[in-house]
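Each chain is listed here by its residues.
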Amino acid sequence: MMTALCIIGSGMISAVGLSAPAGCAAIRCAIDNFQETRFIDRAGEWIIGASVPLEQPWRGRTKLIKMASRAIAEALQSVPGVDPEKIPLLLGVAEAERPGRLNGLDRELLRDIETELGRRFHPDSNIIPRGRVSAAVALLDARRLIHQGGHCHVLVAGVDSLLCGPTLAAFEQRERLLTSENSNGFIPGEGAAAVVLAAPVSDETPQLTCIGLGFGLEPATVQSLDLPLRAEGLTQAVRAALGEAGCGLEQMDYRLADISGEQYYFKEASLALSRSLRVRKEFFHLWHPADCIGEVGAAIGPVMLAVALAASRKGYGEGPNVFCHLGNDAGERAAALLSYRTVRAA
């Protein structure tokens, strides 16, 4: 397929591991690192979170830069012979409207990461402020950069932290944070991840290939009180991805999602599945790494790709075909179909 992309390397830093192998192993074993944070909920109890344990107590922008730089450096090291100056970096960050979002993410974060790493990326690099769907938008952009722009490699990364006072206060007020008074909420986390993408090459070795991408818009968002949830946006995204890949959802072996604990997103995933799956499957397990690393916002997309890559290469996935889906609070939805297979010469 002319528009296919291969995921050939990864890097990750999260609450359960400071590298992709460590983090993916912990997620595979369902290990979490949830602990009391320095933040208190309205009942006076400590808020539980998933923080990244770095060697110094960095916070705010500095911690975002440190986390992103480490994940990106690890991803680059996993693919020998790549020249960062020839690689565009597509970096996902929090949406502009996210409560408590740090200033300067859109203009300065890329330069700060380059300074931290001591290297420059290709001028086609860009920030994608779309929260949890950033990675899917980046995959779409990477496809254009590789198949039309002539790039050999593209780096897709994401970095985010919800462990910020104004952010936690806003989500607690909206009753979306898991606290001593609210069981229908998420555990806030932070982290970064990055993957290196390339065009498929004809080889006897299987490659993790993105064979389909789809997007949709959900009118009944998590904040909507007056519209019934029918999973229209996610269903639209799934159907578009399936159409691009030329397959049925029943051909996928397991699911990877950005779901982080809220009933709304579990219900949406279930509704979209019932509207898209035309052949009964006895098992169609749902993997959600946020169970281990918390709600990590824009970092979750690259985390999911890194988990899929590790599961495929090490053989503990439930099959070669992975159905991934993502959605942000604004209602943007995305679906990506991955397949671990040998690419035949055209």
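Look up: the structure comes first, before these words.
Definitions and limits used
- Residues numbered from 1 in each chain as written.
- Predicted model: local features only at pLDDT ≥ 70, side-chain atom pairs only at ≥ 80, totals over all residues.
- Heavy atoms only, no water.
- Salt bridge = Lys/Arg side-chain N within 4 Å of Asp/Glu carboxyl O.
- Helix = DSSP H or I, 4+ residues; strand = E, 2+ residues; numbered from the N terminus.
- Buried < 20%, exposed > 50% of the residue type's maximum accessible area, 1.4 Å probe, protein only.
- Axes fitted to C-alpha atoms, helices over the stretch in contact; angles between N-to-C directions.
- Parallel < 35°, antiparallel > 145°, perpendicular 65-115°, else oblique.
- Left-handed = near helix turned anticlockwise from the far one by under 90°.
- Contact = heavy atoms within 4.5 Å.
- Phe/Tyr/Trp six-rings, centres within 6.5 Å; stacked < 30°, edge-to-face > 60°.
- Pairing = 2+ DSSP bridges.

### Some words on the pattern of salt bridges
And then number 1: Summed over the entire model, instances satisfying the criterion amount to 20 salt bridges.
And then number 2: One salt bridge connects Glu268 with Arg333, and the closest N-O pair in it is separated by 2.5 Å. A residue pair is termed long-range when its members are at least 10 positions apart, and Glu268 in helix 7 (residues 263-276) and Arg333 in strand 12 (residues 332-341) qualify at 65 residues. Each member of the pair, Glu268 together with Arg333, is buried.

### Some thoughts on the packing of helix 6 (residues 232-245) against helix 7
And then number 1: Here helix 6 crosses helix 7 at 45°, and the two axes come no closer than 9 Å. When the interaxial angle is binned, helix 6 and helix 7 end up oblique. For the crossing formed where helix 6 meets helix 7, the hand is right-handed. Residues Glu232, Leu234, Thr235, Val238 and Arg239 of helix 6 touch helix 7, and the partners they reach there are Glu268, Ala269, Ala272, Arg275 and Ser276.

### What to know about the packing of aromatic side chains
And then number 1: Tallied over the entire structure, the rule returns five aromatic pairs.
And then number 2: Ring geometry for Tyr264 against Tyr265: centres 4.8 Å apart, planes inclined by 85°, an arrangement best described as edge-to-face. In terms of burial, Tyr264 and Tyr265 fall into one category: buried.

### Regarding the packing of helix 2 (residues 60-77) against helix 3 (residues 105-117)
And then number 1: One way to put it is that helix 2 packs onto helix 3 with a least axis distance of 9 Å and a crossing angle of 55°. Taken together, the axes of helix 2 and helix 3 are oblique relative to one another. The interaxial crossing formed by helix 2 with helix 3 has right-handed handedness. Together, Arg61, Leu64, Ile65, Lys66, Ala68, Ser69, Ile72 and Ala73 of helix 2 and Leu105, Glu108, Leu109, Asp112, Ile113, Glu116 and Leu117 of helix 3 make up the contact between the two elements.

### Some remarks on the sheet that holds strand 8 (residues 207-217)
And then number 1: Overall, mixed pairing links the 10 strands, which are arranged 5-4-6-7-1-8-12-11-9-10 in an open sheet. Each edge of the open sheet is held by one strand with a lone partner, namely strand 5 (126-128) and strand 10 (286-287).
And then number 2: Pairing of strand 6 (residues 153-161) with strand 7 (residues 190-198), which is carried by nine bridges, proceeds in the antiparallel orientation. Among the inter-strand pairings, Gly158 is bridged to a residue of strand 7, identified as Ala193.
And then number 3: Set on the sheet, helix 3 makes contact with strand 4 (89-92), strand 5 and strand 6; between it and strand 5 the angle comes to about 125°.
And then number 4: Seen against the sheet, helix 4 (residues 134-147) touches strand 1 (5-13), strand 4, strand 5, strand 6, strand 7, strand 8, strand 11 (321-327) and strand 12 and runs at an angle of roughly 120° to strand 8.

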